[in-house]
Amino acid sequence: MDLRNLLRRTAMQRPAVLAVALPGATDIRLAVEAEVRRRGWPVAGAPAAADLMVVCGVPEPREAEWLDDIERSMPDPAVRIVVEETGHAVHALEMARRDLTERAVTPREAEVDDQQGAAAGEPGGRAQGEHQGHGDDQGHGAHHGSSPPPAPDDQGHPHRSMGHGHGGPAAHPGHEGHENHHPDDHAAHLDHTEHEGHFAHIDHMGHDMHAMGDVAGLPMAERADDRDELRLDQLHVPIGPGLTDWPTGLVLRLTLQGDVVQDVEVDHLPVPRGHRLPFWDEPWLRAAQGEEVTSGSAARRRCAAHLDSVARLLAVVGWDDVAARCRRLRDELLSGAPREGIGGDLRGVLRRVRRSRTLRWSIAGLGELSSARAGEAGVTGPALTADGDAYDRLRIWLDEVERGLEVLDAEQPLTPDDLTGPRGRLDGAQPPSQALLDILPELLTGAEFACARIIVASLDPDLDELALAPVSGAAHV
Amino acid sequence: MSDAAPLWATVILPVALAVAAVVTAGFDAVLSGAAERGPAGSVREAGLRAMAPLREALRLLVQQPRRTTAADRLLGRLGMVLVPVAAVLAGAVLPWGFRSVSDPSVGIVWFNAMEALAWAAVWLAGWGPNSALSLIGGYRFLAQGLAYELPHMFAITTAALGAESLRVGDLVAAQGGLWFVVWMPAAFVVYLLSALAMAFWGPFAYPLAQDAAGGAAVELAGVDRLVFLGGRWMLLVVTAGFSVPLFLGGGHGPLLPGWAWTLLKTAAVLALLVAGRRLLPVLRMERYMELAWMVLVPLTLLQALVVAVVVLNR
């Protein structure tokens, strides 16, 4: 093997991972995150930085388009895998690594055949290498507006079995060219009708401006009155499921002027119903169904859920060090680490977050939500208790984690009446996260873009819960 | 006062900066690894973690660059390339011991001007890809510039005032007895803050913040990303290194030769910055702006006043 190939192989030994989770797949996301960390692979914050896209959960056929779009905005060599069950994370990542190292040294002409060979050799098609569908001289979006190059032969590709023809560039010219070949999209946006798949551009939002004029094939910004009745440019920017540290499956369609949010429409990916309980609420729902659940395991789950939320909030705020520690502790909790083993570390992290005046200074005053208003909106759980801003909600999470730590190994069974999950009461008229979603527009309107993301992270709605309504446990109360 | 370095120093400078950047990034990677996966079990493990920046660089070299629709490629590229270029040009007036590649009579102004190139660099890199998030990242750096640059200029002006010269060599010579940090502590602290801000790194990574999915760097892949982010590490090294002739006595010190002292002091400042990053979240500039104008500007002005009075009475 010549030196060049050796270097290419070495480079792809630790690919940068972009994990895209789908609703209902929280446990898979956690398994993938833990495995990626164990391997020491870098985590990419955006498709452009990633080599490997890991889809956690089973994508529905209509979700294929935005997944394709994210994949198209990844640089070569790029591989997409789908992890459908927690147990498959290790194997899928290993296969993906092999695929990537092969891809890195394979000349492009031979790539398609080689790809099929690799895919065919994978048991069950869990780890599917996805063909990029363009030559490297073309670059992404480069064939926009011109006739696309011949599509590579995708026949026999396991991805086809998932029900969306992956037609290569012929079906989807350049990753940012998609506004053009859906003229209806513009109309759909302007009158705010639902339109599947137009959050496809999530990760390259700049191209989602809808208006009369076209520049270089991209529509220009609209104008509208702002708060002070000045006529200013207005951007329609959907943000959503491809983002890291973002509630799984949540889609927000923002109308921005400058970076101030003028209008918000809350939407989400389809949430699969029925086949399993929302991961974070599982112990309480099981107890309600009459199963034997120890209060220790429920406390463990609650601590882990809050640590997950804290980690996301801190990652969005930009405190990576503590966010990473929270994630590690979350995974240790879930894997059943004993209280003595984890207590010291965990208390240390909690203390560090509590003591940070900079953090407080940075997020205090954002997303002010009084108890009264929260109660009216049907919000329960930490967001109700907090009676205040993003920082107060964070503090409630920390307090609950600390309290949970005391009863981590408690053996007595959880009473079926105890139906307060990490995000609130599970026996209410609606799942707790639905109330959090409902309150989002009023908290976000008028906020700046950065603040908006912090506010969303401080509420951290769990879309898995939406599959709950009406709560099965309500019958027991 | 300082001698001109031989011509080959010009060639060595970028290499030395790059090596220093890799070492610093390696140190940072070890600390990050400890947060993510617990403390390293063995020296070998720690060594592997320290290799992360090199692996990352290699990975980015193998990645293909990508293009976005209607991108302003010329300006975007210019922005990326300007980051390491600004670092190297600023490094030209950095004395290694008592010698620098060039020691013009306005060395401090040169240094500051090169830093200001970073403003243009990040703004252009954010502008280039024609993408909303990278644009948000780009203009965030302008806000950041407004917040840090004024206190920063007062801080370095204070050092120049103390030496009564804008020549970096004179600054080092003036600290033969007493280091400036001793009687200009406020200026030194403000300088360290702005060193982070200039390298848009750590608590000042707002232009590249996660809340905008990576901001100005969101669309960068492959070599583009390597040049931009690698350049950022070089900027961090240069700005940290410049605190040594400004406040820490340059090459002055007992026993060891001047270059060794410079190296040691630079390493210490860098270690402080890298470890200190772990204590702070990214500062949102609308909040930092308040601090900068209400506290830091008056503070640095006061510091400059004290130094001016001392100098006039000398």
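The following paragraphs examine the structure supplied in this document. Computed from a predicted structure; not experimentally measured. (Residues numbered from 1 in each chain as written. Chains lettered and ligands numbered in written order. Predicted model: local features only at pLDDT ≥ 70, side-chain atom pairs only at ≥ 80, totals over all residues. Heavy atoms only, no water.)

1. Section: the state of the cysteines
Residue and element names in this part refer to chain A.
For step 1, the next point in the chain: Taken as a whole and judged by the stated rule, the model has zero disulfides over all chains.
For step 2, the next point in the chain: Between Cys303, a free cysteine, and Cys326, which holds the nearest cysteine sulfur, the sulfur-to-sulfur gap is 12 Å.
For step 3, the next point in the chain: What makes Cys303 buried here is its relative accessible area of 1%. (Disulfide = S-S within 2.5 Å. Buried < 20%, exposed > 50% of the residue type's maximum accessible area, 1.4 Å probe, protein only.)

2. Looking at the pattern of salt bridges
For step 1, the next point in the chain: Enumeration over the complete set of coordinates arrives at 47 salt bridges over all chains.
For step 2, the next point in the chain: Across the pair Glu406 of chain A and Arg339 of chain A runs a salt bridge whose closest N-O atoms are separated by 3.9 Å. In this pair, Glu406 of chain A is assigned in helix 14 (residues 390-406) and Arg339 of chain A in helix 10 (residues 339-355), connecting sequence segments 67 residues apart.
For step 3, the next point in the chain: The shortest N-O distance in the salt bridge between Asp224 of chain B and Arg77 of chain B comes to 3.4 Å. Remark: Arg77 of chain B occurs in helix 4 (residues 73-91) and Asp224 of chain B occurs in helix 10 (residues 222-247); sequence separation between them is 147 residues. (Salt bridge = Lys/Arg side-chain N within 4 Å of Asp/Glu carboxyl O. Helix = DSSP H or I, 4+ residues; strand = E, 2+ residues; numbered from the N terminus.)

3. Considering a nonpolar patch on the surface
All names here are of chain B.
For step 1, the next point in the chain: On the surface, a cluster of nonpolar side chains totalling about 610 Å² of accessible area is made up of Trp8, Ile12, Trp96, Trp259 and Leu263.
For step 2, the next point in the chain: Those elements that provide at least two residues to the nonpolar patch are helix 1 (8-37) and helix 11 (258-276).
For step 3, the next point in the chain: Here Trp259 shows up in helix 11.
For step 4, the next point in the chain: Classification of Trp259 as exposed rests on a relative accessible area of 56%. (Patch = residues over 30% accessible without salt bridge, like charges linked within 9 Å, V, L, I, M, F, W, Y side chains within 5 Å. Areas by Shrake-Rupley, 256 points an atom, 1.4 Å probe, with all protein chains shown as cover.)

4. Let's talk about the sheet that holds strand 7 (residues 231-239) of chain A
All names here are of chain A.
For step 1, the next point in the chain: Across the sheet, four strands lie side by side as 6-7-8-9; this open sheet has antiparallel pairing. Unpaired on one side and paired on the other, strand 6 (222-225) and strand 9 (260-268) mark the two borders of the sheet. For this sheet, the mean inter-axis angle between neighbouring strands, taken without regard to orientation, is 35 degrees.
For step 2, the next point in the chain: The strands touched by helix 15 (residues 432-444) within the sheet are strand 8 (250-257) and strand 9, with strand 9 carrying the most contacts at an inclination of about 170 degrees. (Pairing = 2+ DSSP bridges. Axes fitted to C-alpha atoms, helices over the stretch in contact; angles between N-to-C directions. Contact = heavy atoms within 4.5 Å.)

5. Points about the environment of Leu93 of chain A
Residue and element names in this part refer to chain A.
For step 1, the next point in the chain: Within the secondary structure, Leu93 is located in helix 4 (residues 89-105).
For step 2, the next point in the chain: Using a relative accessible area of 0% as the deciding quantity, one classes Leu93 as buried.
For step 3, the next point in the chain: Linking Leu93 and Thr26, residues 67 residues apart in sequence, is a C-alpha distance of 17 Å.
For step 4, the next point in the chain: In contact with Leu93, not counting residues within four places along its chain, are Val32, Glu35, Val36, Arg39, Trp41, Leu52, Val54 and Ile81.

6. Brief notes about helix 1 of chain B
For step 1, the next point in the chain: An ideal rise of 1.5 Å per residue puts 44 Å on 30 residues; helix 1 of chain B measures up with 43 Å between its terminal C-alpha atoms.
For step 2, the next point in the chain: Those residues of helix 1 of chain B that sit buried are Ala9, Leu13, Leu17, Ala21, Thr24, Ala25, Gly26, Asp28, Ala29, Ser32, Gly33 and Ala35 of chain B.
For step 3, the next point in the chain: Buried residues along helix 1 of chain B sit against helix 9 (320-334) of chain A together with helix 2 (43-50), helix 3 (52-62), helix 4, helix 10 and helix 11 of chain B.
For step 4, the next point in the chain: Looking one or two residues beyond helix 1 of chain B, the residue adopting positive phi is Gly38 of chain B, at roughly 85 degrees. (Expected span 1.5 Å × (residues − 1).)

7. Some thoughts on the side chain of Arg232 of chain B
Residues and elements named next belong to chain B.
For step 1, the next point in the chain: Among the structural elements, Arg232 can be located in helix 10.
For step 2, the next point in the chain: Despite being buried, Arg232 has no salt bridge partner; Asp28 is the closest side chain of opposite charge, sitting 7.6 Å away.
For step 3, the next point in the chain: Sequence-distant contacts of Arg232, that is, excluding residues within four places in its chain, are made with Val83, Ala199, Phe200, Trp201, Ala205 and Leu208. (Lys, Arg positive; Asp, Glu negative; His and termini not counted.)

8. What about the packing of helix 6 (residues 132-163) of chain B against helix 12 (residues 285-312) of chain B?
Residue and element names in this part refer to chain B.
For step 1, the next point in the chain: Axis separation between helix 6 and helix 12 bottoms out at 9 Å; the angle between their running directions is 10 degrees. Compared by their axis directions, helix 6 and helix 12 come out roughly parallel.
For step 2, the next point in the chain: Here the contact of helix 6 with helix 12 is built from residues that sort into 20 nonpolar, five polar and no charged. (Parallel < 35°, antiparallel > 145°, perpendicular 65-115°, else oblique. Nonpolar A, V, L, I, M, F, W, Y, C, P; charged D, E, K, R; others polar.)

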